[in-house]
Amino acid sequence: MLPGVAPVEGLRREELAMLAGVSVDYYTRPEQGRSKSASPEVLDAIAGALQLDDAERMHMHAIARQRPARPRSDKPQRLHPETRALLDVFEASLRPAFVLGRRLDVLAHNRLAGLLIADFQGMPASERNQARFVFLDPHARDLYADWGQVAADTAAMLRMDAGDHPDDPTLGRLVGELAIHSPDFRRLWARNRVHRRSAGTKSYRHPLVGELTITYQALTPGDDPEQTVFVYRAETVSPSEHALRLLASAPTASAPAGADRRISPSSAP
């Protein structure tokens, strides 16, 4: 199968090639990295035969080199002042919000997100990363009601980033660190799954306010397509909204310290 995408159960290469309307040899060339010239139309046909979702389709085009990898600067990403101001607007409306950048780095968050998830801004810059939190911080396993799914999605999001920037040395070091210290990451990384998060729900077991469920949506600031603003919301007049209100009223300093630095844990994206 093509790297980075899940196979359709029960189908052989010959059957997939037939569904895509190409020869078996033509299908296996991009799969084995022997073709840099497959047309977008052929790749889309293969994606349809493989039943890929949008994220997997984009990833397949990237690894087939239908477009050059986007140049990536080693300079730290900066938030536009309007993006930072937007986090405060969400705070005022009882919505935890945070910004992820390249390699799932946590670039900023509002106070409520810090109380719900973790005070990333109080950590050393090198540790402000969602994947590091999910796989290396023991608190994350207690915080997420479905840690296994969160971990799988996190590894798949990191794999998506690797497909866009295969020569990123900083990402390579992060993947290496996670692989050394987390057997779960090694197992999930080997699946070659990709994922791009856009909207959904997430459940938490918070040490201060108990269980709560939120819905989230991902937004992309216009000045940097490699940043994503995640906005959380609880259902109106629900136990989860009540839990968020209780959390918002908690003094920052009184929140549990967690793993040395955590304000009031919950999760990252």
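First, a word on what this report is: a plain description of the structure on this page. (Residues numbered from 1 in each chain as written. Predicted model: local features only at pLDDT ≥ 70, side-chain atom pairs only at ≥ 80, totals over all residues. Heavy atoms only, no water.)

1. Considering the packing of aromatic side chains
Then, in step 1: By the definition in use, this model includes ten aromatic pairs.
Then, in step 2: Arranged with centres 5.5 Å apart and planes meeting at 20°, the rings of Phe98 and Phe230 form a pair that is stacked. Linking Phe98 in strand S1 (residues 97-100) with Phe230 in strand S5 (residues 228-233), this pair joins segments that are 132 residues apart in sequence.
Then, in step 3: Consider the rings of Phe120 and Phe133, whose centres lie 5.6 Å apart with planes at 70°: the pair is edge-to-face. With Phe120 in the loop between helix H6 (111-116) and helix H7 (130-136) and Phe133 in helix H7, the pair connects residues that are 13 residues apart, well separated along the chain. Neither residue differs from the other here; Phe120 and Phe133 are each classed as buried.
Then, in step 4: What links up through ring pairs into an aromatic cluster is the set Phe98, Tyr144, Tyr204, Tyr216, Phe230 and Tyr232.
Then, in step 5: Positioned over the ring face of Trp147 is Arg141, at 3.8 Å from the centre of the ring.
Then, in step 6: In this arrangement the basic side chain of Arg159 is found over the ring face of Trp189, its NZ or CZ atom lying 3.9 Å from the centre. (Phe/Tyr/Trp six-rings, centres within 6.5 Å; stacked < 30°, edge-to-face > 60°. Helix = DSSP H or I, 4+ residues; strand = E, 2+ residues; numbered from the N terminus. Buried < 20%, exposed > 50% of the residue type's maximum accessible area, 1.4 Å probe, protein only. Lys NZ or Arg CZ within 6 Å of the ring centre and 35° of its normal.)

Everything listed here is a matter of geometry and, on its own, says nothing about what the molecule does.
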